[in-house]
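Chain by chain, the residues run as shown.
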Amino acid sequence: MTSLGRDRLLGYGIGSVGTGVFSAVPGLLLLYYLTDVLGVPAALAGLVLVAPKIWDVLLNPLVGAASDREAVRTGRRTRLLAIGSTALPVTFALMFAVPEGVSGAVWAGAAFLLAATAFACFQVPYVALPAEMSAERAERTRIMSWRVVCLTVGILVAGGLAPAVVDLAGGGRAGYAVMGVTVGAVMAAALAGATLATRWVPSRPGPRQLGPVAAFRLARGNVPFFVLLAAFVTQALAVAVMLAGAPYVASYRLGDYGLTSVMFVCLVGPSMLAVPGWARLARVHGPVRCYLVASAGFCAVAVALIPAVAAGGTAVTLALTALAGVCYAALQLLPLSLLPDTVHADTARTGHAQAGAFTGLWTAGETAGLALGPGLFALVLTASGFVSAPVDAPVAQPAGALSGLLLGFTALPALLMLISLPFVIRYGRLTTKKETV
């Protein structure tokens, strides 16, 4: 087995700094920005977040098939990566440079739609690359370990740097506009770096170009892939709901919006240390078993957060959030390490290593989970009577709204994580059966 050098591992992984920022910032800050800075009703704000992502869900599989066709023609996936890395930082900045009121929500939604399109152009071929960088499972786990660490850096930039820049720039619309440009510049550097650093990766999807319909017709017979995808999407939805609720819990339950950054760092920061540990455990005990343990652990921690947040215990809440972060590291590393296995296993069945088609479906599912999370939390806010108001005219929230945002942050993610467990178990059974045949 040929081991990839650190320069190539870092060259690939650094792209996740940019993708992590874009995946996290809209879910963490955009909903709060619309309801508590622009004063947009929660239902409309939720629609602004969900609608562009619905488009993204439809677009990603098409981008995946296009990426495979491009790879057949050129042997590379660089062109789409370059398009996405150029357009995404600009459209991201435009999301937060908006006029006031409802017109601002329309502007943000349109910019978000363009940003989602650019993100698909980069993310889909980017996720396809590990299956083509190495045919060895252990080596792909190394690739994913570097990627998840870089993804953690990106998410920390989103959750730590972005709110801090807003505060330093004076808050309000102007503060968010400065944040959009600053964070967009960080994204641009990371995405461009990965695009240039992965030009060496050879892509050989199959002997001929397949249209989207033909590609998906072949892909649908890969049952382990779709079971793994169901687990991953459900868990992405759970995490997205929790992230969307963090600013509200910090502001209305813990009494300090500034704790949003601290909570976010506690959730994703442990990944920097936990990823190598989970990688070693996966080698010893198997990735599926570790994946199941981490999923159940995240569920248990989310339940434990209910009394901690209800009591307003900041220290306990942050400690439990950090424990959830240890589990979150595995939820990022292990399914992404298993994804190339499903692609390689399908090659013998179809004669096509459709990395683009499968990752198009994968990223579509991930996008759906990340998009529906804030929208689902917005529904909880609406149902519980949350009152939206501009930041310069705050209002006291009714008791029902305070209870709703608490349960939306804790009980709802726990329930979604519980729903994902049967899919993880079934995936393990399907792959074990195949390995023993």
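Below, the structure is looked at part by part. (Residues numbered from 1 in each chain as written. Predicted model: local features only at pLDDT ≥ 70, side-chain atom pairs only at ≥ 80, totals over all residues. Heavy atoms only, no water.)

## Considering the overall build of the chain
Assigned secondary structure in the chain consists of 16 helices and zero strands. Here the contacts in the chain between residues at least 6 apart in sequence split such that 85% fall between residues at least 24 apart. On the chain, roughly 15800 Å² of surface is accessible, and the fraction owed to carbon and sulfur atoms is 69%. (Helix = DSSP H or I, 4+ residues; strand = E, 2+ residues; numbered from the N terminus. Contact = heavy atoms within 4.5 Å. Areas by Shrake-Rupley, 256 points an atom, 1.4 Å probe, with all protein chains shown as cover.)

## Quick word on the packing of aromatic side chains
If you walk through the whole model with that rule in mind, you get 14 aromatic pairs. Relative to Phe 377, the ring of Tyr 248 has its centre 5.5 Å away and its plane inclined at 40 degrees; by these criteria the two rings are tilted. With Tyr 248 in helix H9 (residues 223-252) and Phe 377 in helix H14 (residues 355-383), this pair connects stretches of sequence that are 129 residues apart. Its relative accessible area of 0% is what places Phe 377 among the buried residues. With a centroid separation of 5.7 Å and 80 degrees between ring planes, the pair formed by Tyr 252 and Phe 386 is classed as edge-to-face. With Tyr 252 in helix H9 and Phe 386 in the loop between H14 and helix H15 (399-409), the pair connects residues that are 134 residues apart, well separated along the chain. (Phe/Tyr/Trp six-rings, centres within 6.5 Å; stacked < 30°, edge-to-face > 60°. Buried < 20%, exposed > 50% of the residue type's maximum accessible area, 1.4 Å probe, protein only.)

## Here we look at the environment of Thr 367
Within the secondary structure layout, Thr 367 lies in helix H14. With 311 residues separating them in the primary sequence, Thr 367 and Asp 56 have C-alpha atoms 6.9 Å apart. With sequence-adjacent residues up to four places away left out, Thr 367 is seen in contact with Lys 53, Asp 56, Val 57 and Asn 60.

## Side note on the pattern of salt bridges
The full count for this structure, using the stated rule, is four salt bridges. With its nearest N and O atoms 2.9 Å apart, the salt bridge here joins Arg 142 to Glu 139. Remark: Glu 139 and Arg 142 occur in helix H6 (residues 137-168); sequence separation between them is three residues, near one turn of the helix. By relative accessible area, which is 27% here, Arg 142 ends up partly exposed. (Salt bridge = Lys/Arg side-chain N within 4 Å of Asp/Glu carboxyl O.)

## Quick look at the nonpolar core
Membership of the largest hydrophobic core comes to 129 residues, with the highest contact counts inside it found for Leu 34, Tyr 176, Met 179 and Phe 298. Tallying contributions element by element places H9 first for this core, with 17 residues. In this structure, Val 63, Leu 80, Ala 120 and Val 124 belong to the second largest nonpolar core, which totals six residues. (Core = buried A, V, L, I, M, F, W, Y, C linked by side-chain atoms within 4.5 Å.)

## Thoughts on the packing of H9 against helix H12 (residues 287-310)
The interhelical angle for the contact between H9 and H12, taken along N-to-C directions, is 25 degrees, at an axis separation of 13 Å. The orientation of H9 relative to H12 falls into the category roughly parallel. For H9 against H12, the interelement crossing comes out left-handed. In this structure, H9 uses Leu 228, Ala 231, Phe 232, Gln 235, Val 239, Met 242 and Val 249 to contact H12, whose residues at the interface are Tyr 291, Ser 295, Phe 298, Ala 302, Leu 305 and Val 309. Grouping the constituent residues of the contact of H9 with H12 by class yields 11 nonpolar, two polar and no charged. (Axes fitted to C-alpha atoms, helices over the stretch in contact; angles between N-to-C directions. Parallel < 35°, antiparallel > 145°, perpendicular 65-115°, else oblique. Left-handed = near helix turned anticlockwise from the far one by under 90°. Nonpolar A, V, L, I, M, F, W, Y, C, P; charged D, E, K, R; others polar.)

Everything listed is a geometric property; what it means functionally is a separate question.
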